[in-house]
Amino acid sequence: MKITLGIVSAVGGCVMGMAGFYLSFGNLSSAGHTTFGFSADDARIFAIGVDVAIVTCLVLDLFMACIRTSWPVLRLLAHGMTAASIYFNAAAHGAIADNLDKAASHGLMPVLFVIGVEAGRRILVHQAALPADHDVIPGHRWILAPRPTWRIFRAMKLWEVGYAEAMARQRERAIFNAWNEYKQELRKAGLVEGEPEALARLPRKLEPFGLTVDQALALPDHMARQELRRRQESEQRARDLELDTERAQHEAEKARLAHRKEMATLRADLTTTEGVAGARARGAVAEAEARADARSRAVADLDEAVEEREAAEARRQAAEADARVAEERAKVAEADKRAAADAALAEIEKQRAAQARKQVAEAEAHAAEAERQAAEARHRAAEITRRAVEAEDVANFTPRQRRVRVVARMILAASPRDVDLAAVEKAIGKTTSTASTTKAAAVALLAAGYDPAAGFDPEIARDAERDRD
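One structure accompanies this document, and this report is about it. Keep in mind the model is a prediction, meaning the values are calculated, not measured.

## A few points about the side chain of Arg409
Structurally, the position occupied by Arg409 is in helix H13 (residues 399–413). Looking at Arg409, its side chain comes within polar contact range of the side chain of Tyr450, at 3.3 Å. Look past the residues within four positions of Arg409 in its chain and what remains in contact with it is Thr385, Ala388, Val389, Glu392, Tyr450 and Pro452.

Structure, rendered in structure tokens:
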């Protein structure tokens, strides 16, 4: 059936398009010469140019849609050329007001031609799943809601998003604002969320946004789940930030230990350099001793050859040389002593560096183990919470029953004394009085044997036993 309809449509479209093109060409050729002042040859070119411009603009629009770079101006230009062709055909045989029947019959020809081309284009767009005309603002929306439609159009152009995405964002924001207004109205009226009177207001409140009655009544549970998800994501981001901070501190400590190790290495190199300097000093002492011995022999020789004054002078110089030798020896001894002390200090620094590396390795092992245990604990807690929420969905619990079980799981994770009313109020988003009654109900539920880890809920058990009876 589809193949048959396709063949018939293709043949009929081609016949209709060719008929429209042929008749439009004849009308425009005649009117171009007699009415619009073209020569006989130029009139034919004028007729071809008008009709071919329509086809070319539509084909170019389809080609640009194929390469994912649509340009709506081409469609507008094609429609403008269609309107011009209709006018030219209608005015081909005189004033339109004087010849309405002729104008209507001749103006119908280009309409048939354009309808055939547009039908073929839409078939190709649908079969090839091209992004043409699928994400634009419908014309009726501009008439029914011009101001909101202008905001959607502005968002589409500013943020480069399609109509469907911009519409979804606008609808989500509108429902969220309506939900906040609904909660404020409940507080002013002294009503509590989940009560029948409070729920009865929701369908009328959300009617302008296209929600059914069931969708409107299910909105509190949906918003509660969304709030829980956002809170869990916020807590996860806080935990990730804390973990990143600890990792940064750990990296800084590693850098400090590496710096200490480098300083110890530099001190060891300095000690080695000072040892070389000590060896040179000892060589200088030996050289000085040799020179002193030579001077002593010279003094002995001079004692025999020169007068007493010269011998005394030589002895004085020898004494000064001996003093310098003693001084050099003292310096060498001091240098050896410092070298020994630096070597001992370098050995101590090496031992400290080794101990620090050992401590770093142990700390990294402890941190990895703690992180693994924390991840397992978070996974277990998330799994318990997921199973509990699924069980609550199956049991069709009310929002109050769900809040009681959220607080019960908080108490199981800590203790009743550690979970204060402020934490309960923050977790369930209620007032202090409601938080107090919710905590009391949670303690009573735990006393009745509520254990989400084992999958036991006394109220579910009672309902199941009642169903069996």
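## Section: the side chain of Asp457
One can find Asp457 in the loop between helix H15 (432–447) and helix H16 (458–468). Among the polar contacts made by the side chain of Asp457, one reaches the main-chain amide nitrogen of Glu459 at a distance of 3.1 Å. Apart from the residues lying within four places of it in its own chain, the contact partners of Asp457 are Phe397, Arg405, Leu445 and Tyr450.

## Details of the pattern of salt bridges
Proximity of charged atoms lets side chains of opposite charge pair with each other. Considering all chains together, one arrives at 20 salt bridges under this definition. In this structure, the salt-bridge partner of Arg352 is Glu349, at a minimum N-O distance of 3.6 Å. Note that Arg352 and Glu349 are positioned in helix H12 (residues 308–395) at a spacing of three residues, about one turn of the helix. One salt-bridge network, in which partners are shared between bridges, spans Glu181, Glu185 and Lys205.

## A word on the packing of H13 against helix H14 (residues 421–428)
Where H13 meets H14, the closest approach of the two axes is 10 Å, and the angle between their N-to-C directions is 135°. Here H14 runs oblique to H13, going by the angle between their axes. By crossing handedness, the relation of H13 to H14 is classed as right-handed. Contacts from Arg403, Val407 and Met410 of H13 reach H14 at Ala423, Val424, Ala427 and Ile428. When the residues that make up the contact of H13 with H14 are grouped by side-chain class, the tally is six nonpolar, no polar and one charged.

## Looking at unusual backbone geometry
Excluding glycine, residues mostly have negative phi values, and the peptide bonds linking residues are mostly trans. Positive phi, close to 55°, is recorded for Glu160, a residue that is not glycine. Mapped onto the fold, Glu160 is located in the loop between helix H6 (146–159) and helix H7 (163–189).

Procedures and definitions
- Numbering of residues starts from 1 in every chain and runs along the sequence as written.
- Owing to the predicted nature of the model, reporting of local features is limited to residues with pLDDT of at least 70; listing and counting of side-chain atom pairs is limited to 80 or more, with chain, interface and lining totals taken over all residues.
- Only hydrogens and water are removed before side-chain values are computed, so all heavy atoms of the structure are retained for them.
- Only runs of H or I of at least four residues qualify as helices and only runs of E of at least two qualify as strands under DSSP, and these elements are numbered from the N terminus.
- Any pair of N or O atoms that falls within 3.5 Å is considered a polar contact. Within protein, one atom must be able to donate a hydrogen and the other to accept it, and sequence-neighbouring residues count only if both atoms are side-chain atoms.
- Only heavy atoms matter for contacts: two residues are in contact if any of them lie within 4.5 Å across the pair.
- Salt bridges, as used here, are contacts in which a Lys or Arg side-chain nitrogen is within 4 Å of a carboxyl oxygen on Asp or Glu.
- Each axis is a line fitted through C-alpha atoms, taken for helices only over the stretch in contact, and angles between the N-to-C directions span 0 to 180 degrees.
- Oblique is the label for every angle not falling under 35 degrees (roughly parallel), over 145 degrees (roughly antiparallel), or within 65 to 115 degrees (roughly perpendicular).
- Crossings are assigned a handedness: left-handed for a near helix turned anticlockwise from the far helix by less than a right angle, right-handed for a clockwise turn.
- Only Asp, Glu, Lys and Arg are considered charged in this grouping, and only Ala, Val, Leu, Ile, Met, Phe, Trp, Tyr, Cys and Pro are considered nonpolar; every other residue, Gly among them, is considered polar.

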